[in-house]
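Summary of the model geometry
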Amino acid sequence: MRNAIYLILLFFPFGNCLKAQINTFSFLYESPQNKRSFAPIQDSDDNYIVPLSLFTGTTWAPSDLDKAFLLKFSPTGDTSGYYYSIPDTAFSFTNIIGTPDGGYLVAGSSKAIGMDSINLLLIKLNNKLEVEWQKHHYLHGHWMIYISRLFPFDDNGFILTGDVCMFPCATTNPYLVRINQNGNIVRETIYDFFSGSIYEFMLNSAKNRIWMFAVGLPPHSNGRSVTILDTTFNFISSQPLQPFGTPGFYTKWLNDTNFIFSYQARKVGLPYQDQEFTVEIRDTLFNVLHFDQFGLPDSYDSPAGPKGLDFRHPDTIFYASNTDLAFGPPPQGYTNWFMVRQSDGQLQERFRHFYGGEAYYYAHAIIATSDGGCFVTAGKYNHNTANLELLFLKLNSEGMLVGTNDPDIQQRMSLLYPNPATDEVVLETYLDATIIKVHGINGKMIRQSGGIKGKNLINLSGLPAGVYVISLYSKGEYIENHKLIKKQ
C-alpha cells in the first residue's frame, strides 16, 4: 500500500479544560463518534501525547476502523490535536514511543476501504509530530491486530509485541515483529499454534529474552502462564503462574532482578466472585515477593486497560483502577468510580482517591510524570450517543486535582456505601487521623466518632428514616461531605 499521509493541526477551543496550579488540569473531549484513548507518553518538554482512535458503530456494538489522531497537552493543559489522513484507508493508533532522534514511532493498524484483511501500520514522526515515513505491512489475511508494547532494540530498531486474530476472533494469537530504524520488518512471527485470550510482554535488561505472559495458553490452558522466547522469537520454555488471573495484564521492571505485575483476580479467601485489582512483585525466578489486592467489596473491579500502573521511581508506584464495572453497556442511571492510588515499593498503600460518581467511567491508562504526579486517561459513557467521551486528568503528587471545581468530574477522598442504607453504612477512606460526624438535615450534629484508615462502619440504628450528612475530617481539617439516605 503506497499512500501519502496528511497532517492537520487543530487547537481545541472546545471541551472543558480547567487549570489550577501548573501541574494539575482536566480536559473532556466530547464528540458523538465511537472513540478510544491509549497509553500516553511524556516528552522531553513535559508535554503529554495521547494516541486516539476513532471507530464506526458504538462502544458495545460491532465497529470498524475509521481514523486516528494524537492529542498533545502542554504542562499547563493547553491542548492541540494532530489529525492524520491516509487516502482510501481506515486506520488506528494504539501505541507510541519516543525515538533516539527526538521523534516518535506510532504503531497501529490499517486497511483499504472495503477490505477485511488488516495491516500493521507504522508511522515515524519528527519532534513536531510531522510524518517522516509510513509503512503498511500485510498480515496474511488476519482480521485484527493490537500492538500492546514497543521495545527499543539495537541499531535504533524496535521489537513490537501484541496479538492478531482471524475472523471471528474467538481467540487471539501472539504476534512479535522486529523492525529496523526505517520501519522495515527484520523478523516476524505469528504463533498460530498458541491460542489464548490475553497477552503481555517484557524484554529483559540484557535484551536477549522476551517473557510472554498469557491466560489460556497451552499447555497451561486453565490459568496464567509465562513463556520465554529469545529475540529471534524462538520458544525456550514455559511454566504456569499462580494465582489465576484474567484481564488487566501489565508488567514493568522495578530493577534488574524484580518486576511488578498487575492483573484482575478474585479476592483471596472469598468463595464467590469479587474481582479485584491484583498486583504482585516477582523476581526473575518468578517467586512472589510482595502481593496486594484492592477494590470495592462485592464489585467487579479491574486495572485500567491497557496500562494500570506506572512509576518513575520504584518506591512511588501509581495505579488506576476501575470499580463496580457493568457487564456490557451500563443501564441508564448506572454510576461508578475509578480509583487513583499510590504505594511504595513493597506495595504499602500511601493514598487512594476516587473520581467520577455521577456517570459511568472506565479508566484507560495512567503514567507517572516527571514532576512527581501522574496523568490519567479515561472514558465517560454518554447514553445519548452510546459512546465514551474521553477524560484526561493531570494530577499532583498526592493524586489530586488542586483548586478546581470541574463540573465534568467529581473528586472524592472517601466513598460512602451502600446508599440508601438501613442499619449501617461504610465510609471508606485512606486518610490519616480522621473524624466522622453525622449531621441531620438541619445541620445539628447527631454523633461523632474517630475513624481508621480503611473501612469505617457507621451504625444507623435508632435514627429515623430521612436525609443525613456524613462529614469527614482529617488532622483537624474538613475534607468533604456525603449525603446519606436512611431507609426504615
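Here the structure is shown first, and the text comes after it.
Being a predicted model, the structure only gives us computed values, none of them experimental.

A few words now on unusual backbone geometry. Phi is mostly negative for residues that are not glycine, and the peptide bonds are mostly trans. Cis geometry marks the peptide bond from Gly305 to Pro306; its omega dihedral reads 25 degrees. Looking at the secondary structure, you find Pro306 in the loop between strand S25 (302-303) and strand S26 (309-313). At the junction of Asn419 and Pro420, the peptide bond is cis and its omega measures out at 10 degrees in the coordinates. Although it is not a glycine, Asp324 sits at a positive phi angle of roughly 50 degrees. Turning to its location among the elements, Asp324 is positioned in the loop between strand S27 (316-322) and strand S28 (337-343).

One ladder, built from 9 bridges, connects strand S39 (residues 466-474) with strand S40 (residues 477-486); its direction is antiparallel. Directly across from Ser471, in S40, lies its bridge partner Asn481. Hairpin connection between S39 and S40: a loop of 2 residues separates the two successive antiparallel strands, and Lys475 in this loop has a positive phi of roughly 55 degrees.

This paragraph deals with the packing of aromatic side chains. Evaluation of the coordinates by the stated rule reveals 36 aromatic pairs. Ring geometry for Phe259 against Phe261: centres 6.5 Å apart, planes inclined by 45 degrees, an arrangement best described as tilted. Ring centres of Phe294 and Tyr319 lie 5.6 Å apart, and the angle between their planes is 75 degrees; on these two criteria the pair is classed as edge-to-face. Of this pair, Phe294 sits in strand S24 (residues 288-294) while Tyr319 sits in strand S27, placing them 25 residues apart in sequence. When sorted by exposure, Phe294 lands in the same class as Tyr319, which is buried. Three or more aromatic residues joined by ring pairs make a cluster, and in this case those are Trp211, Phe213, Phe249, Trp253, Phe259, Phe261, Tyr263 and Phe286. Over the face of the ring belonging to Tyr473 we find Lys437, whose NZ or CZ atom lies 4.4 Å from the ring centre.

We now examine the pattern of salt bridges. For the coordinates displayed, the defined rule picks out 19 salt bridges. Among the salt bridges present, the one from Arg341 reaches Asp292, with a minimum N-O distance of 2.6 Å. Of this pair, Arg341 sits in strand S28 while Asp292 sits in strand S24; the two residues are 49 residues apart in sequence, bridging distant segments of the chain. Accessibility expressed as a relative area gives 1% for Arg341, which makes it buried. Classification of Asp292 as buried rests on a relative accessible area of 19%. One salt-bridge network, held together by shared partners, links Asp292, Arg341, Glu349, Arg352 and Glu428.

With that settled, consider the state of the cysteines. Two cysteines joined by a covalent bond between their sulfur atoms form a disulfide. Scanning all chains against the criterion turns up 1 disulfide. Two residues, Cys165 and Cys169, share a disulfide whose sulfurs are 1.6 Å apart. Negative torsions about the S-S bond denote left-handed disulfides, and the value of about 55 degrees found for Cys165 with Cys169 makes this one right-handed. A residue is classified by how much of its surface remains accessible, and Cys165, at 0% relative accessible area, is buried.

Now for the sheet that holds strand S13 (residues 144-152). Overall, antiparallel pairing links the 4 strands, which are arranged S13-S14-S15-S16 in an open sheet. Each edge of the sheet is formed by a strand with only one pairing partner; in this case those strands are S13 and strand S16 (185-190). Strand after strand, the sheet turns through a mean of 20 degrees between neighbouring axes, direction not considered. In the sheet, S13 pairs with strand S14 (residues 158-165) via 8 bridges, with the strands oriented antiparallel. Pairing of Phe151 across the sheet is with Ile159, part of S14.

Reading across the sheet, the 3 strands line up as S34-S35-S38 and stay open at both edges, with antiparallel pairing between neighbours. Single-partner strands in this sheet number two, and they are strand S34 (414-417) and strand S38 (454-459). Averaged over all pairs of adjacent strands, the angle between strand axes in this sheet comes to 20 degrees, irrespective of strand direction. In this sheet, strand S35 (residues 424-429) lies alongside S34 in antiparallel orientation, the contact comprising 4 bridges. Each residue of the ladder has a partner; that of Ser414, found in S35, is Thr429.

Buried together is how nonpolar side chains tend to be arranged in soluble globular proteins. With 37 residues, the main nonpolar core has Phe338 and Leu393 as its most contacted residues. Leaving out residues up to four positions away in the same chain, Leu393 has contacts with Phe25, Ser26, Phe338, Tyr355, Cys374, Phe375, Val376, Leu401 and Ile409.

To continue, consider the side chain of Asp310. Locating Asp310 in the fold gives a position in strand S26. Classification of Asp310 by relative accessible area gives buried; the value is 5%. A distance of 2.9 Å separates the side chain of Asp310 from the backbone nitrogen of Ala368, its partner in a polar contact. Other than its neighbours up to four places away in sequence, Asp310 contacts Lys252, Thr316, Ile317, Phe318, Ile366, Ile367 and Ala368.

Before going further, it helps to examine a nonpolar patch on the surface. Side chains of Val268, Val288 and Phe291 sit close together on the surface and give an oily, nonpolar patch of about 260 Å² of accessible area. Within the fold, Val288 resides in strand S24. Under the relative-accessibility criterion, Val288 is labelled partly exposed at 41%.

For the rest of this paragraph, the subject is the environment of Lys487. Within the secondary structure, Lys487 is located in the segment after S40. Looking at Lys487, the relative accessible area reads 41%, which means it is partly exposed. Separated by 24 residues in sequence, Lys487 and Leu463 place their C-alpha atoms 9.4 Å apart. Contacts of Lys487, omitting those with residues within four sequence positions, involve Pro420, Ala421, Thr422 and Ala465.

Rules of the game
Residues numbered from 1 in each chain as written. Predicted model: local features only at pLDDT ≥ 70, side-chain atom pairs only at ≥ 80, totals over all residues. Heavy atoms only, no water. Helix = DSSP H or I, 4+ residues; strand = E, 2+ residues; numbered from the N terminus. Pairing = 2+ DSSP bridges. Phe/Tyr/Trp six-rings, centres within 6.5 Å; stacked < 30°, edge-to-face > 60°. Buried < 20%, exposed > 50% of the residue type's maximum accessible area, 1.4 Å probe, protein only. Lys NZ or Arg CZ within 6 Å of the ring centre and 35° of its normal. Salt bridge = Lys/Arg side-chain N within 4 Å of Asp/Glu carboxyl O. Disulfide = S-S within 2.5 Å. Axes fitted to C-alpha atoms, helices over the stretch in contact; angles between N-to-C directions. Core = buried A, V, L, I, M, F, W, Y, C linked by side-chain atoms within 4.5 Å. Contact = heavy atoms within 4.5 Å. Polar contact = N/O pair within 3.5 Å; in protein donor to acceptor, adjacent residues only side chain to side chain. Patch = residues over 30% accessible without salt bridge, like charges linked within 9 Å, V, L, I, M, F, W, Y side chains within 5 Å. Areas by Shrake-Rupley, 256 points an atom, 1.4 Å probe, with all protein chains shown as cover.

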